[in-house]
Amino acid sequence: KNNNISDYSSLLKQAENADIILFGELHNNSIVHWLQLRLTKDLFKNKEGKLVLGGEMFQADEQIIIDEYLNKFISEEQLKSETRLWKNYPTDYKPVIDFALENKLKYIGTNIPIRYANMISKKGINFIDNLDKKVKDAYFPPIPFPIDKNLPNYKKMLSMMSHSNTKTNLGDYMIEAQASKDATMAYFINKNWKPNYTFIHYNGTYHSNNYEGIYWYLKKYDPKLKVLTISSVEQDNLDVLENENLNLADFTLCISDDMTKSY
């Protein structure tokens, strides 16, 4: 974060001492996914198995299916047919899931079920009040949860929307939907972390950049958590970070913008 060149050993050492690692990825960047797997393997070895995995790519209502697969109760075909796997699962996420399977690690699907995020984006956060208590208890953080619409990342998202949407409630609703994802992921990370363990969480880099998003909510749930953040950016010039990529995280992976994409 001081804009100094680092090496992998420094990253690994700091990662070992973290309670939570938010590994911000570019979803279609092959080398990011490779480094996620490498860091996961090395942390597992160095921390003698005291590791919990989790990611944005699975949703909270899929947890029982993930658990059944990792306990070898169901086949991979059943996992594929009964969850909403992302299209790049075979190349980018399956290796980490396979590692969890081989080493009997927990993998937590942290994201809000997409149907609820979609509803919030159309009707606003108060829509949650209409849901059954069992649903709210199972798939959401404690309600109500705070939403700071003035956080820079949320304001930036609003500025990227069409002018017509920002003049209506749709702009606020989109921020509320994004915040509901961040709050839910942070909640399930915190719920499944254990003292002396490290929870490594794989998420889109925008969910944790600038120490906002998931990070912001984690600190709300437990200010004492030691959270390490990693961001990923693409640039033409790898010698120095561009101004817009400074101070995004504790470590920033600066990757050539012609890196192979998985989709």
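Model, not experiment: these values are computed from the prediction. (Residues numbered from 1 in each chain as written. Predicted model: local features only at pLDDT ≥ 70, side-chain atom pairs only at ≥ 80, totals over all residues. Heavy atoms only, no water.)

> Just give me the short version of the overall build of the protein, but keep the residues and values in it.
Scanning the protein for helices and strands turns up 11 helices and six strands. For 263 residues, the compact-globule estimate of 2.2 N^0.38 gives 18 Å, and the C-alpha radius of gyration of the protein, at 18 Å, lies within 12% of that figure. Projected onto its principal axes, the C-alpha coordinates of the protein cover approximately 50 × 50 × 40 Å. Taking all 263 residues of the protein together, the buried fraction comes to 49%. Counted over contacts in the protein with a minimum sequence separation of 6, partners at least 24 positions apart contribute 73%. Surface exposure of the protein reaches about 13,300 Å², of which carbon and sulfur atoms provide 50%. Within the protein, one finds 32 positive and 34 negative side-chain charges whose respective centroids are separated by 6 Å. (Helix = DSSP H or I, 4+ residues; strand = E, 2+ residues; numbered from the N terminus. Rg over C-alpha atoms; globule rule 2.2 N^0.38 Å. Buried < 20%, exposed > 50% of the residue type's maximum accessible area, 1.4 Å probe, protein only. Contact = heavy atoms within 4.5 Å. Areas by Shrake-Rupley, 256 points an atom, 1.4 Å probe, with all protein chains shown as cover. Lys, Arg positive; Asp, Glu negative; His and termini not counted. Charge placed at Lys NZ, Arg CZ, Asp CG, Glu CD.)

> Before we move on, can you summarise unusual backbone geometry with the specific residues and values?
Backbone phi values are negative for most residues with the exception of glycine, while trans is the configuration of most peptide bonds. In the segment running from Ile143 into Pro144, the intervening peptide bond is cis, with an omega of 0 degrees. For Pro144, the location among the structural elements is in the loop between helix 7 (133–139) and helix 8 (152–159). The backbone phi angle of Asn3 is positive, close to 65 degrees, even though this residue is not glycine. Tracing the backbone through its elements, the reader meets Asn3 in the segment before helix 1 (8–16).

> Report on the sheet that holds strand 6 (residues 251–256), specifying residues and quantitative values.
Spatial ordering of the open sheet is given by 3-2-4-1-5-6, a layout of six strands whose pairing is parallel. For this open sheet the edge positions go to strand 3 (107–111) and strand 6, each flanked by a neighbour on one side alone. Neighbouring strand axes in the sheet, compared pairwise and without regard to direction, differ in orientation by 25 degrees on average. The sheet contact formed by strand 2 (residues 51–59) and strand 4 (residues 198–204) spans five bridges and is parallel. (Pairing = 2+ DSSP bridges. Axes fitted to C-alpha atoms, helices over the stretch in contact; angles between N-to-C directions.)

> With reference to specific residues and values, describe the pattern of salt bridges.
All chains considered together, the criterion is met by 13 salt bridges. Between Arg38 and Asp42 there is a salt bridge; the shortest N-O distance is 2.9 Å. Taken together, the residues Arg38 and Asp42, both in helix 2 (residues 30–46) and four residues apart, mark about one turn of the helix. You can call Asp42 buried: its relative accessible area is 17%. Asp61 is the partner of Arg84 in a salt bridge, and the nearest nitrogen-oxygen pair spans 2.7 Å. A residue pair is termed long-range when its members are at least 10 positions apart, and Arg84 in the loop between helix 4 (76–82) and helix 5 (89–103) and Asp61 in the loop between strand 2 and helix 3 (63–70) qualify at 23 residues. Residue classification places Arg84 among the partly exposed positions, given a relative accessible area of 35%. Overall, the relative accessible area of 16% leaves Asp61 in the buried class. Each of Asp61, Glu62, Arg84 and Arg115 takes part in a single network of salt bridges with overlapping partners. (Salt bridge = Lys/Arg side-chain N within 4 Å of Asp/Glu carboxyl O.)

> Which residues make up the packing of helix 6 (residues 114–123) against helix 10 (residues 170–192), and what values go with them?
Where helix 6 contacts helix 10, the axes come no closer than 6 Å and their chain directions differ by 155 degrees. For the element pair helix 6 / helix 10, the angle class is roughly antiparallel. Between helix 6 and helix 10 lies a crossing of right-handed hand. The residues of helix 10 that touch helix 6, namely those facing Ala117, Ile120, Ser121, Lys122 and Lys123, are Leu170, Tyr173, Met174, Glu176, Ala177, Ser180 and Lys181. Of the residues belonging to the contact of helix 6 with helix 10, the class tally is six nonpolar, two polar and four charged. (Parallel < 35°, antiparallel > 145°, perpendicular 65-115°, else oblique. Left-handed = near helix turned anticlockwise from the far one by under 90°. Nonpolar A, V, L, I, M, F, W, Y, C, P; charged D, E, K, R; others polar.)

> Let's hear about a negative patch on the surface: which residues, and what values?
Together, Asp236, Glu242, Glu244, Asp257 and Asp258 make up a region of like negative charge exposed at the surface. Looking at where Asp257 falls in the secondary structure, it is placed in the segment after strand 6. For Asp257, a relative accessible area of 38% corresponds to the partly exposed category. (Patch = residues over 30% accessible without salt bridge, like charges linked within 9 Å, V, L, I, M, F, W, Y side chains within 5 Å.)

> If you had to explain the nonpolar core to someone new, which residues and values would you point to?
Judged by nonpolar contacts, the single largest core of 37 residues is most densely connected at Phe23, Leu53, Tyr107 and Ile200. A total of seven residues in this core trace back to one element, the largest contributor, which is helix 5. Not counting residues within four places of it along the chain, the set of residues in contact with Tyr107 comprises Leu53, Gly54, Gly55, Met57, Phe58, Gln63, Ile66, Asp67, Leu70, Val96, Ile97 and Tyr202. Counting residues in each nonpolar core, the second largest holds 36 residues, with Ala117, Tyr154, Trp193 and Ile214 among its members. (Core = buried A, V, L, I, M, F, W, Y, C linked by side-chain atoms within 4.5 Å.)

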